[in-house]
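Here are the chains, one letter per residue:
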Amino acid sequence: MRILPRPHQLPVRLATGAFILNAGLSMAAGDEDNAVAVHGMAANAYPFLRKLDPRKFTWLLSRAEIAVGAALLVPVVPSLVAGAALTALAGGLVGLYLRTPSLRQEGSLRPSQEGIGVAKDVWLLGIGTSLVAEELCRP
């Protein structure tokens, strides 16, 4: 496994990492109302999350986003590791999009106005799987 990313991976890692790090930091600074809203949406898509306190859930989610963002930004983290972390995070977000009917236009996978912010996570999934695939398929 390569330790340092390939030069062409740096722009996508930096842009994606900065975006996710910012999301995690913003969520960490959020208030109780934001925590309840984020937890409610996640718990509707993934019922097992109902057991978690909303503040605890958003604390964990924000830390996960901060960790994934940092992994993408720090070049000594192998692209395979950073890509796998991004794929896992984005997979959960895309699952949330697919499991929440109000985020999509009726009878379609196309996003509703409310779903545009979550639908973009499919790009993150594509970036993560591309990083992983490249590292697994190249000598």
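None of these values were measured; they are calculated from a predicted model. (Residues numbered from 1 in each chain as written. Predicted model: local features only at pLDDT ≥ 70, side-chain atom pairs only at ≥ 80, totals over all residues. Heavy atoms only, no water.)

Chemist: An account of the pattern of salt bridges is needed here, citing residue identities and associated values.
Modeler: Scanning all chains against the criterion turns up three salt bridges. For the salt bridge of Arg55 with Glu32, the shortest nitrogen-to-oxygen distance reads 3.8 Å. One end of the pair, Arg55, is in helix α3 (residues 54-73); the other, Glu32, is in helix α2 (residues 32-45), with 23 residues separating them in the sequence. Residue class for Glu32 comes out partly exposed when judged on its relative accessible area of 42%. Of the charged contacts, one joins Lys120 and Asp121 as a salt bridge, the two residues approaching to 2.3 Å between their closest N and O atoms. On the accessibility criterion, Lys120 (25% relative accessible area) is partly exposed. (Salt bridge = Lys/Arg side-chain N within 4 Å of Asp/Glu carboxyl O. Helix = DSSP H or I, 4+ residues; strand = E, 2+ residues; numbered from the N terminus. Buried < 20%, exposed > 50% of the residue type's maximum accessible area, 1.4 Å probe, protein only.)

Chemist: Run through the layout of surface pockets, naming residues and quoting values.
Modeler: Approximately 680 Å³ is the volume attributed to the largest pocket. Taken together, 25 residues line the largest pocket, and the ones lying closest to its centre are Met27, Leu61, Glu65, Leu93 and Leu96. Mapped by element, the contributors of at least two residues to the lining of the largest pocket are α1 (10-28), α2, α3, α4 (79-99), α5 (116-119) and α6 (121-137). Residues belonging to the lining of the largest pocket are distributed by class as follows: 20 nonpolar, two polar and three charged. (1 Å grid on protein atoms, 1.4 Å probe; cavity = no way out; pocket = protein on both sides within 12 Å on 5 of 7 lines; lining within 4 Å. Points joined across faces, edges and corners; volume = space filled by probe spheres on them. Nonpolar A, V, L, I, M, F, W, Y, C, P; charged D, E, K, R; others polar.)

Chemist: Explain α6 to me, and be specific about the residues and the numbers.
Modeler: Compared with an ideal rise of 1.5 Å per residue, which puts 17 residues at 24 Å, α6 spans 24 Å between its outermost C-alpha atoms and is within 8% of the ideal. Contacts made by the buried residues of α6 are with α1, α3, α4 and α5. (Expected span 1.5 Å × (residues − 1). Contact = heavy atoms within 4.5 Å.)

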